[in-house]
Amino acid sequence: MASRSTPPPSPSRASGRPVGSVTRGTTNPNRLRRMDRWIAATHGAALRRAGDPVAVDLGYGAAPWTAVELLARLRGAAPRVRVVGIEIEPARVAGAKPYEREGLSFRHGGFEVPLEGGERAMLIRAANVLRQYDEEQVAEVWARLCARLAPGGLLVEGTCDEIGRRHVWVALGPEGPRTVTFATRLGSLERPSDLAERLPKALIHRNVPGEPVHAFLRDFDRAWAAAAPYASYGARQRWIRTARALSADWPLADGPVRWRQGELTLRWEALRPVG
(Lines give C-alpha, C1' and ligand atoms only; values in the text may rest on other atoms or scores of the structure.)
Protein backbone atom coordinates (compact mmCIF):
# COMPACT_ATOMS: atom_id res chain seq x y z
CA MET A 1 0.00 0.00 0.00
CA ALA A 2 2.96 2.32 -0.18
CA SER A 3 5.47 3.26 -2.81
CA ARG A 4 9.21 3.02 -2.26
CA SER A 5 9.40 6.73 -1.57
CA THR A 6 6.59 6.79 0.99
CA PRO A 7 7.17 5.01 4.32
CA PRO A 8 4.11 3.79 6.19
CA PRO A 9 2.91 6.40 8.68
CA SER A 10 3.78 5.85 12.33
CA PRO A 11 0.85 5.48 14.72
CA SER A 12 1.17 9.11 15.79
CA ARG A 13 1.04 10.34 12.21
CA ALA A 14 -1.74 7.92 11.28
CA SER A 15 -4.28 9.25 13.83
CA GLY A 16 -7.70 8.93 12.29
CA ARG A 17 -6.61 7.90 8.81
CA PRO A 18 -5.62 4.57 7.25
CA VAL A 19 -2.01 3.48 7.63
CA GLY A 20 -0.28 3.07 4.28
CA SER A 21 -0.46 4.41 0.74
CA VAL A 22 -2.29 3.40 -2.42
CA THR A 23 -0.89 0.56 -4.56
CA ARG A 24 -1.36 0.09 -8.29
CA GLY A 25 -4.31 -2.15 -7.54
CA THR A 26 -3.51 -4.75 -10.20
CA THR A 27 -5.70 -7.84 -9.80
CA ASN A 28 -7.16 -10.69 -11.82
CA PRO A 29 -9.78 -13.37 -11.16
CA ASN A 30 -8.31 -16.62 -9.85
CA ARG A 31 -4.93 -15.01 -9.28
CA LEU A 32 -4.64 -16.13 -5.65
CA ARG A 33 -6.01 -19.65 -6.01
CA ARG A 34 -2.76 -21.32 -4.90
CA MET A 35 -2.52 -19.26 -1.74
CA ASP A 36 -6.24 -19.76 -1.00
CA ARG A 37 -5.98 -23.52 -1.50
CA TRP A 38 -3.05 -23.69 0.92
CA ILE A 39 -4.83 -21.54 3.53
CA ALA A 40 -7.96 -23.69 3.39
CA ALA A 41 -5.92 -26.87 3.77
CA THR A 42 -3.56 -25.75 6.53
CA HIS A 43 -5.65 -23.20 8.45
CA GLY A 44 -9.16 -24.54 7.83
CA ALA A 45 -9.32 -26.47 11.11
CA ALA A 46 -8.43 -23.33 13.12
CA LEU A 47 -11.11 -21.38 11.27
CA ARG A 48 -13.68 -24.10 12.00
CA ARG A 49 -12.84 -24.10 15.70
CA ALA A 50 -13.34 -20.34 15.99
CA GLY A 51 -16.87 -19.32 16.95
CA ASP A 52 -17.22 -16.42 14.50
CA PRO A 53 -14.07 -16.37 12.35
CA VAL A 54 -13.18 -13.27 10.34
CA ALA A 55 -10.78 -13.39 7.39
CA VAL A 56 -9.37 -10.18 5.93
CA ASP A 57 -8.37 -9.66 2.32
CA LEU A 58 -6.02 -6.72 2.83
CA GLY A 59 -5.34 -4.53 -0.21
CA TYR A 60 -7.59 -6.45 -2.61
CA GLY A 61 -6.98 -3.90 -5.37
CA ALA A 62 -8.97 -2.17 -8.06
CA ALA A 63 -11.59 -4.96 -8.26
CA PRO A 64 -12.99 -7.21 -5.51
CA TRP A 65 -12.47 -10.56 -7.23
CA THR A 66 -9.94 -11.93 -4.75
CA ALA A 67 -12.19 -11.23 -1.75
CA VAL A 68 -15.20 -12.83 -3.46
CA GLU A 69 -13.12 -15.91 -4.27
CA LEU A 70 -11.60 -16.08 -0.78
CA LEU A 71 -15.07 -16.34 0.76
CA ALA A 72 -16.06 -19.18 -1.56
CA ARG A 73 -12.84 -21.11 -0.97
CA LEU A 74 -12.75 -20.70 2.79
CA ARG A 75 -16.42 -21.58 3.20
CA GLY A 76 -15.58 -25.01 1.82
CA ALA A 77 -13.35 -25.53 4.85
CA ALA A 78 -15.07 -23.32 7.45
CA PRO A 79 -18.75 -22.60 6.68
CA ARG A 80 -19.09 -19.86 9.32
CA VAL A 81 -16.19 -17.72 8.14
CA ARG A 82 -16.79 -14.08 7.18
CA VAL A 83 -14.53 -12.17 4.78
CA VAL A 84 -13.82 -8.45 5.04
CA GLY A 85 -12.05 -6.80 2.12
CA ILE A 86 -10.01 -3.78 3.20
CA GLU A 87 -8.67 -1.16 0.79
CA ILE A 88 -6.98 2.18 1.40
CA GLU A 89 -8.39 3.77 -1.77
CA PRO A 90 -12.00 4.93 -1.07
CA ALA A 91 -13.05 4.62 -4.71
CA ARG A 92 -12.13 0.94 -4.70
CA VAL A 93 -14.23 0.36 -1.61
CA ALA A 94 -17.20 2.13 -3.23
CA GLY A 95 -16.76 -0.01 -6.35
CA ALA A 96 -16.75 -3.19 -4.29
CA LYS A 97 -19.89 -2.42 -2.26
CA PRO A 98 -22.31 -3.88 -4.86
CA TYR A 99 -20.61 -7.26 -4.36
CA GLU A 100 -21.39 -7.41 -0.66
CA ARG A 101 -23.47 -10.36 0.45
CA GLU A 102 -23.96 -12.51 3.52
CA GLY A 103 -20.48 -13.11 4.89
CA LEU A 104 -18.73 -10.59 2.64
CA SER A 105 -18.21 -6.88 3.30
CA PHE A 106 -15.77 -4.15 2.32
CA ARG A 107 -14.18 -1.42 4.43
CA HIS A 108 -11.90 1.57 3.99
CA GLY A 109 -8.60 1.09 5.81
CA GLY A 110 -5.00 0.01 5.78
CA PHE A 111 -2.50 -1.75 8.02
CA GLU A 112 -4.51 -0.83 11.12
CA VAL A 113 -7.07 -3.45 9.90
CA PRO A 114 -10.26 -1.70 11.04
CA LEU A 115 -12.83 -4.33 12.04
CA GLU A 116 -16.16 -3.85 13.78
CA GLY A 117 -15.96 -3.44 17.54
CA GLY A 118 -12.20 -3.93 17.58
CA GLU A 119 -12.51 -7.63 16.79
CA ARG A 120 -9.41 -9.46 15.62
CA ALA A 121 -8.95 -11.55 12.50
CA MET A 122 -8.40 -15.30 12.37
CA LEU A 123 -6.78 -14.71 8.97
CA ILE A 124 -5.19 -11.74 7.25
CA ARG A 125 -4.17 -12.31 3.66
CA ALA A 126 -1.92 -9.59 2.20
CA ALA A 127 -0.99 -10.60 -1.34
CA ASN A 128 1.11 -8.35 -3.59
CA VAL A 129 0.85 -5.52 -1.05
CA LEU A 130 4.40 -5.16 0.31
CA ARG A 131 6.05 -5.54 -3.08
CA GLN A 132 6.16 -1.75 -3.42
CA TYR A 133 7.70 -1.24 0.03
CA ASP A 134 11.33 -1.00 1.06
CA GLU A 135 12.75 -4.09 2.75
CA GLU A 136 13.43 -2.26 6.00
CA GLN A 137 9.71 -1.47 6.33
CA VAL A 138 8.58 -5.09 6.28
CA ALA A 139 9.23 -5.96 9.93
CA GLU A 140 7.16 -2.99 11.13
CA VAL A 141 4.25 -3.91 8.86
CA TRP A 142 4.41 -7.57 9.87
CA ALA A 143 4.37 -6.62 13.55
CA ARG A 144 1.41 -4.27 13.06
CA LEU A 145 -0.60 -6.91 11.20
CA CYS A 146 0.28 -9.74 13.60
CA ALA A 147 -0.97 -7.54 16.45
CA ARG A 148 -4.39 -7.57 14.77
CA LEU A 149 -4.61 -11.37 14.78
CA ALA A 150 -6.87 -13.29 17.11
CA PRO A 151 -5.33 -16.10 19.19
CA GLY A 152 -4.65 -18.90 16.75
CA GLY A 153 -4.80 -16.45 13.82
CA LEU A 154 -2.60 -16.43 10.74
CA LEU A 155 -1.08 -13.73 8.53
CA VAL A 156 -0.19 -14.83 4.99
CA GLU A 157 1.92 -12.31 3.07
CA GLY A 158 3.48 -12.87 -0.32
CA THR A 159 3.73 -12.20 -4.02
CA CYS A 160 2.55 -13.90 -7.21
CA ASP A 161 2.63 -13.30 -10.94
CA GLU A 162 -0.30 -11.71 -12.75
CA ILE A 163 -2.14 -14.96 -13.46
CA GLY A 164 -1.15 -16.88 -10.34
CA ARG A 165 1.19 -19.47 -11.85
CA ARG A 166 4.06 -18.69 -9.45
CA HIS A 167 3.69 -17.63 -5.86
CA VAL A 168 5.85 -17.39 -2.71
CA TRP A 169 4.45 -16.43 0.68
CA VAL A 170 5.37 -16.19 4.34
CA ALA A 171 2.97 -17.45 7.02
CA LEU A 172 3.09 -15.67 10.38
CA GLY A 173 1.36 -16.20 13.71
CA PRO A 174 0.94 -13.63 16.47
CA GLU A 175 4.51 -14.48 17.52
CA GLY A 176 6.01 -13.77 14.07
CA PRO A 177 7.09 -15.64 10.91
CA ARG A 178 6.71 -19.41 10.81
CA THR A 179 7.12 -20.76 7.27
CA VAL A 180 7.85 -19.88 3.65
CA THR A 181 5.90 -21.60 0.87
CA PHE A 182 6.88 -21.91 -2.79
CA ALA A 183 3.95 -22.76 -5.08
CA THR A 184 3.79 -23.09 -8.84
CA ARG A 185 1.94 -24.48 -11.82
CA LEU A 186 4.42 -27.26 -12.47
CA GLY A 187 3.91 -27.29 -16.22
CA SER A 188 5.15 -23.70 -16.44
CA LEU A 189 8.38 -24.30 -14.53
CA GLU A 190 11.77 -24.62 -16.20
CA ARG A 191 13.71 -24.63 -12.92
CA PRO A 192 12.71 -23.87 -9.30
CA SER A 193 14.81 -20.70 -9.16
CA ASP A 194 12.30 -19.20 -11.63
CA LEU A 195 10.31 -18.54 -8.44
CA ALA A 196 12.98 -16.11 -7.21
CA GLU A 197 11.29 -13.17 -8.93
CA ARG A 198 8.22 -13.80 -6.76
CA LEU A 199 9.98 -13.89 -3.42
CA PRO A 200 8.24 -11.66 -0.86
CA LYS A 201 9.85 -8.35 -0.03
CA ALA A 202 11.56 -9.73 3.09
CA LEU A 203 13.57 -12.14 0.91
CA ILE A 204 13.74 -10.89 -2.66
CA HIS A 205 16.78 -8.67 -2.15
CA ARG A 206 18.51 -11.44 -0.18
CA ASN A 207 18.88 -13.79 -3.14
CA VAL A 208 22.64 -13.21 -3.23
CA PRO A 209 25.63 -15.38 -2.22
CA GLY A 210 25.95 -15.71 1.54
CA GLU A 211 22.21 -15.56 2.20
CA PRO A 212 20.19 -18.70 3.11
CA VAL A 213 17.54 -18.15 0.45
CA HIS A 214 20.23 -18.05 -2.24
CA ALA A 215 21.70 -21.31 -0.97
CA PHE A 216 18.25 -22.90 -0.86
CA LEU A 217 17.37 -21.93 -4.43
CA ARG A 218 20.76 -23.25 -5.58
CA ASP A 219 20.07 -26.58 -3.89
CA PHE A 220 16.51 -26.57 -5.21
CA ASP A 221 17.79 -26.26 -8.78
CA ARG A 222 20.38 -28.98 -8.23
CA ALA A 223 17.81 -31.38 -6.80
CA TRP A 224 15.46 -30.58 -9.69
CA ALA A 225 18.21 -31.32 -12.20
CA ALA A 226 19.08 -34.59 -10.45
CA ALA A 227 15.40 -35.58 -10.59
CA ALA A 228 15.24 -35.10 -14.37
CA PRO A 229 14.76 -38.85 -15.05
CA TYR A 230 11.44 -38.64 -13.20
CA ALA A 231 10.15 -36.11 -15.74
CA SER A 232 9.06 -39.02 -17.90
CA TYR A 233 6.42 -39.71 -15.21
CA GLY A 234 5.31 -36.07 -15.24
CA ALA A 235 6.36 -32.79 -13.65
CA ARG A 236 4.51 -33.67 -10.43
CA GLN A 237 6.59 -36.80 -9.84
CA ARG A 238 9.76 -34.85 -10.57
CA TRP A 239 8.73 -32.17 -8.04
CA ILE A 240 7.99 -34.81 -5.37
CA ARG A 241 11.37 -36.46 -5.94
CA THR A 242 13.04 -33.04 -5.71
CA ALA A 243 11.29 -32.30 -2.41
CA ARG A 244 12.35 -35.65 -0.96
CA ALA A 245 15.96 -34.90 -1.85
CA LEU A 246 15.80 -31.41 -0.33
CA SER A 247 14.36 -32.76 2.91
CA ALA A 248 17.72 -34.36 3.70
CA ASP A 249 19.33 -30.93 4.21
CA TRP A 250 16.49 -28.43 4.60
CA PRO A 251 13.70 -28.37 7.24
CA LEU A 252 10.62 -28.88 5.11
CA ALA A 253 7.34 -28.33 6.94
CA ASP A 254 5.05 -30.30 4.63
CA GLY A 255 4.95 -33.61 2.79
CA PRO A 256 3.74 -35.45 -0.31
CA VAL A 257 0.10 -34.35 0.02
CA ARG A 258 1.11 -30.72 -0.45
CA TRP A 259 4.00 -31.47 -2.81
CA ARG A 260 1.52 -33.03 -5.22
CA GLN A 261 -0.13 -29.59 -5.44
CA GLY A 262 3.11 -28.01 -6.66
CA GLU A 263 3.94 -26.63 -3.20
CA LEU A 264 6.93 -26.82 -0.90
CA THR A 265 7.06 -25.25 2.57
CA LEU A 266 10.12 -24.58 4.74
CA ARG A 267 10.54 -23.36 8.28
CA TRP A 268 11.21 -19.62 8.34
CA GLU A 269 14.38 -20.10 10.39
CA ALA A 270 16.03 -21.85 7.45
CA LEU A 271 15.64 -18.82 5.18
CA ARG A 272 15.84 -16.01 7.73
CA PRO A 273 18.01 -13.21 6.27
CA VAL A 274 21.52 -12.81 7.62
CA GLY A 275 22.08 -9.74 9.80
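One can find the structure itself at the top, above this paragraph.
Cut-off values and rules
- Residues numbered from 1 in each chain as written.
- Predicted model: local features only at pLDDT ≥ 70, side-chain atom pairs only at ≥ 80, totals over all residues.
- Heavy atoms only, no water.
- Helix = DSSP H or I, 4+ residues; strand = E, 2+ residues; numbered from the N terminus.
- Rg over C-alpha atoms; globule rule 2.2 N^0.38 Å.
- Buried < 20%, exposed > 50% of the residue type's maximum accessible area, 1.4 Å probe, protein only.
- Contact = heavy atoms within 4.5 Å.
- Polar contact = N/O pair within 3.5 Å; in protein donor to acceptor, adjacent residues only side chain to side chain.
- Axes fitted to C-alpha atoms, helices over the stretch in contact; angles between N-to-C directions.
- Parallel < 35°, antiparallel > 145°, perpendicular 65-115°, else oblique.
- Left-handed = near helix turned anticlockwise from the far one by under 90°.
- Nonpolar A, V, L, I, M, F, W, Y, C, P; charged D, E, K, R; others polar.
- Salt bridge = Lys/Arg side-chain N within 4 Å of Asp/Glu carboxyl O.

Visitor: Sorry if this is basic, but what is going on with the overall build of the protein here?
Guide: Scanning the protein from terminus to terminus reveals 10 helices and eight strands. For a compact globule of 275 residues, the expected C-alpha radius of gyration is about 19 Å, and the protein comes in at 18 Å, within 12% of that figure. For the protein, the residues scored as buried account for 56% of the 275 residues in total. In the protein, once contacts between residues fewer than 6 apart in sequence are set aside, the share between residues at least 24 apart is 68%.

Visitor: When you look at the side chain of T184 in this model, what are you seeing that I'm missing?
Guide: In this fold, T184 is placed in strand β7 (residues 176–184). Looking at T184, the relative accessible area reads 1%, which means it is buried. Of the polar contacts made by the side chain of T184, one reaches the backbone oxygen of R165; its length is 3.3 Å.

Visitor: Just checking my understanding: could you explain the environment of P256 for this structure?
Guide: Relative to the assigned elements, P256 resides in helix α9 (residues 256–259). Overall, P256 belongs to the partly exposed group, its relative accessible area being 36%. Considered as a pair, P256 and L271 are 15 residues apart in the sequence and their alpha carbons are 21 Å apart.

Visitor: Any chance you could explain the packing of helix α2 (residues 33–49) against helix α3 (residues 65–75) here in plain terms?
Guide: Two numbers describe a pair of packed helices, the interaxial angle and the distance between the axes. Running from N to C, α2 and α3 cross one another at 45°; their axes reach a closest spacing of 9 Å. In terms of axis orientation, α2 runs oblique to α3. For the crossing formed where α2 meets α3, the hand is right-handed. Here R33, D36, I39, A40 and L47 of α2 come into contact with α3, specifically with E69, L70, R73 and L74. Taken together, the residues of the contact of α2 with α3 sort by class into five nonpolar, no polar and four charged.

Visitor: Is there a simple way to think about unusual backbone geometry in this case?
Guide: With the exception of glycine, the majority of residues adopt a negative phi angle, and the majority of peptide bonds are in the trans configuration. The backbone of N30 sits at a positive phi, close to 70°, despite the residue not being glycine. Take N30: it is sitting in the loop between α1 (11–14) and α2.

Visitor: Explanation requested: the pattern of salt bridges in the structure shown.
Guide: When charged atoms on two side chains of opposite charge get close, those side chains can pair. Enumeration according to the criterion identifies 21 salt bridges in this entry. Here R165 ties to D161 by a salt bridge, and the two come within 3.2 Å at their closest N and O atoms. With relative accessibility at 33%, the residue R165 sits in the partly exposed group. Of the charged contacts in the structure, one is a salt bridge between R178 and E175, with a shortest N-O distance of 2.7 Å. Judged by relative accessible area, which is 57%, E175 ranks as exposed. What emerges from the salt-bridge pattern is a single network uniting D36, D57, E69, R73 and R125.

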